Amino acid sequence: MNSDVLEIIVSDRIGKKNRIKCSKNDTILTLRKIVSMHIGVNYEKIKLQLGYRVLNDNITIDDYEIKNGSMIELYYN
């Protein structure tokens, strides 16, 4: 696997987990769009959190220090 490509686990708190492939240079907005394609929900209706922190759309995955295999929580707006 390319070192720039990560597999992140996105959990929706009701037990459904999706493995999402993305680049560490992708923004959170790009990640939300990728997740929305996997789950079939408009990206504007979801938000992603890491712990208690809501992830900001214009910051990259790498800037948040999200690593391969990290778990991110998915919430619906």
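Let me begin by describing the structure that accompanies this report. (Residues numbered from 1 in each chain as written. Predicted model: local features only at pLDDT ≥ 70, side-chain atom pairs only at ≥ 80, totals over all residues. Heavy atoms only, no water.)

To continue, consider the environment of Glu-44. Its place among the elements puts Glu-44 in the loop between α1 (28–39) and β3 (46–50). Since its relative accessible area comes to 52%, Glu-44 is described here as exposed. In the structure, Glu-44 is positioned 33 residues away from Asn-77 in sequence and 8.0 Å away in space, judged by C-alpha atoms. Sequence-distant contacts of Glu-44, defined by excluding residues within four places in its chain, comprise Arg-32 and Asn-77. (Helix = DSSP H or I, 4+ residues; strand = E, 2+ residues; numbered from the N terminus. Buried < 20%, exposed > 50% of the residue type's maximum accessible area, 1.4 Å probe, protein only. Contact = heavy atoms within 4.5 Å.)

What follows deals with α1. Compared with the 16 Å implied by 1.5 Å per residue over 12 residues, the 16 Å span of α1 between its first and last C-alpha is a close match. Residues of α1 that are buried: Ile-28, Leu-31, Arg-32, Ile-34, Val-35 and Ser-36. Where the residues of α1 are buried, they touch β1 (5–11), β2 (17–23), β3 and β5 (71–76). Taken from the residues just after α1, Gly-40 is the one with a positive phi, measuring 75°. (Expected span 1.5 Å × (residues − 1).)

Relative to β5, β3 runs antiparallel, the two sharing 4 bridges. What sits directly across from Ile-46, in β5, is Tyr-76. Across 2 bridges, the pairing between β3 and strand β4 (residues 53–54) is antiparallel. In the sheet register, Gln-49 faces β4, and the bridge partner there is Val-54. The hairpin formed by β3 and β4 contains 2 residues between the paired strands, and Gly-51 there has a positive phi angle of roughly 70°. (Pairing = 2+ DSSP bridges.)

Quick look at unusual backbone geometry now. Residues other than glycine seldom take positive phi values, yet Arg-13 does so here, at roughly 70°. With respect to the helices and strands, Arg-13 occurs in the loop between β1 and β2. Positive phi outside glycine occurs at Glu-65, with the angle close to 60°. Mapping Glu-65 onto the fold places it in the loop between β4 and β5. Residue Glu-65 is classed as exposed on the basis of its relative accessible area, which comes to 59%.

Read these as geometric descriptors, not functional statements.
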